[in-house]
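Residue strings, one per chain:
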Amino acid sequence: MVTRKVYLDYSATTPTRSEVVEAMKPYFAEIFGNASSLHAFGQEARKALADARESIAAIIGAKPDEIIFTGCGTEADNMALKGAVWANSGNGNHIITTKIEHHAILQTCEYLETQGFKVTYLDVDSNGRLDPQTVRKAFLPQTILVSVMHANNEVGAIQPIADIGQIIAAENANRANPGASQIYFHTDAVQSAGKMKINVNELKVDLLSISAHKFYGPKGVGMLYVRRGTCMTPLFHGGHHERNRRAGTENISGIVGMAKALEMCATDMDAEQARQRALRERLEKGILATIPDAVINGSGGPRVANVLNCSFRAIEGEGLLLSLDLEGIAVSTGSACASGSSEPSHVLKAMCIDTALAQGTIRFSLGRLTTDDDISYVLEVLPRVVSRLRSMSPLWKGK
Ligand code: PLP
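Residues numbered from 1 in each chain as written. Predicted model: local features only at pLDDT ≥ 70, side-chain atom pairs only at ≥ 80, totals over all residues. Heavy atoms only, no water.

Concerning the nonpolar core
Ranked by size, the top nonpolar core spans 63 residues in total, and within it Val146, Leu208, Ile210, Phe215, Met223 and Met258 carry the most contacts. For this core, the element with the highest residue contribution is helix H10 (residues 252–267), accounting for nine residues. Here this core spans two domains, since at least three of its residues come from each of domain 1 (6–15 + 269–397) and domain 2 (18–267). Contacts of Leu208, omitting those with residues within four sequence positions, involve His186, Thr187, Ala189, Ile198, Val200, Leu203, Met223, Leu224 and Tyr225. (Core = buried A, V, L, I, M, F, W, Y, C linked by side-chain atoms within 4.5 Å. Buried < 20%, exposed > 50% of the residue type's maximum accessible area, 1.4 Å probe, protein only. Helix = DSSP H or I, 4+ residues; strand = E, 2+ residues; numbered from the N terminus. Domains from an automatic or database assignment. Contact = heavy atoms within 4.5 Å.)

A short note on the pattern of salt bridges
Taken as a whole, this structure holds 18 salt bridges when the rule is applied. Here Arg53 ties to Glu242 by a salt bridge, and the two come within 2.7 Å at their closest N and O atoms. Remark: Glu242 occurs in helix H9 (residues 241–244) and Arg53 occurs in helix H3 (residues 40–60); sequence separation between them is 189 residues. Judged on exposure class, the residue Arg53 and its partner Glu242 are both buried. In this structure, Asp293 engages Arg313 in a salt bridge whose closest nitrogen and oxygen atoms are separated by 3.9 Å. Residue Asp293 is found in the loop between helix H11 (269–290) and strand S9 (294–297), and its partner Arg313 is found in the loop between strand S10 (307–312) and helix H12 (317–326); the two are separated by 20 residues along the sequence. The exposure class assigned to Asp293 is partly exposed, which follows from its relative accessible area of 28%. (Salt bridge = Lys/Arg side-chain N within 4 Å of Asp/Glu carboxyl O.)

In C-alpha cells, the structure reads:
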C-alpha cells in the first residue's frame, strides 16, 4: 500500500491556494448580491468585480474595460476566435494558427471551417517552436485573424509572440485599407499566465485568454483580454453584462479568486519559477542518467520552467501513467486515447517525433508544492517501473 502521493500534473490543474479560498469566502453567503442590481447588496458585488478587473488589467498592462470574464479558458478561446471572425467576416475569411494549439483552438477552427472560413495550420520545428516568418508567408488578402499559443501545454514550448505581433502590425500598416480590414492577433496564454510576465502591449496582441485554475485559482473562471477597438460578436445573448460582450450573471467569488491568484503569482514569480526550473533540471538529468532510450521533447528551445515531456522507447505512455499512479505519482500522457487505440499526440506529431517513440510519452508538470523529496521519489520509482514495463514489451528487444 503506497502512502506517498506526488502530484506532477500542475499543467492539468492546480490546487487553489488557501489565501485565494479565504479571499473568495465572503462572496458566497455574505456579499452575495447580483452585480447588476441597483441596491446596496448589488453594489457591493459590483465593487468587488470592478476591483478584480482593475487588478488583473494592471498585471497584464491592459485597461479595465478590455477585460471580459468568462467561464474558463476554453470559453475565452472560443470567444476570441468565433467573436473576432464573425464580426470581421466582411473583410475576409482566412485564419492562421499552428498545428500545436490546444483543442479549444483547433476544434474551434475545425468548426469554423464548416462555416466557410479557411484555416492555415502552421508547422513548428522539432522543439515545438514556430518560426515567426512562416506567419508572414501565410498571409492572404483575406486573412482576418492569427491565433498562436504563448506556451504549449504538452511540451512547454514558448512561442515568439512579440515577434509575430510585430510582423502582423507591419502587415496591417501595409494593407490597402489600413484599419478597415485589420488582422487581429490572439494568443492562448492559459499555460503561461502566472508563470511568465504577460504584458499585452509588449506581446502586441489584440486578444489573450487565461484560466484561473492553471495558476492556483478556482476552476470555472477565465478571462479574455480584448484590445479597445477590436470588433467582436458575442457568443452569448441575454444580458448587458461585460459591456454587452458576455451575457450571464458574473461569478463574483471566482473572479475575486482569479484576481487574488494572479496577484500572488506575480509577487514571487521569478524566484518560484527559478526554483521549479532547478527541480525540473534535476528530474531531467536524473532520467537521462538512469533510463536508457529516454528522450526529452522540446528541450532544445525555450520552455516554461515547470514542464518536462519525456518519451520512453518500447512502452505505452498510458501503461506508464497507470503504473506510476499505483506508486502514488500523478502525471499525464501526451496522447489522447480514442476507442482503445492510442493516437500519438498532435503536438509530438507536429514536432516530427517518431510515432512509436511518441506512444511512450508522459508529461511531468511541476508546481509550487513540488519538493526536492518529490523529485527524489520519482527518480527512485521511475527507472524500476520503466524497466518492468519494458521487460514485458515485445518491442524492447534484448536491451
Ligand atoms: N488552452 C490551453 C493551452 C490549455 O492548456 C487549456 C487547458 O488545459 C485550455 C486552453 C482550456 O482551459 P480550461 O480548462 O480553463 O477550459
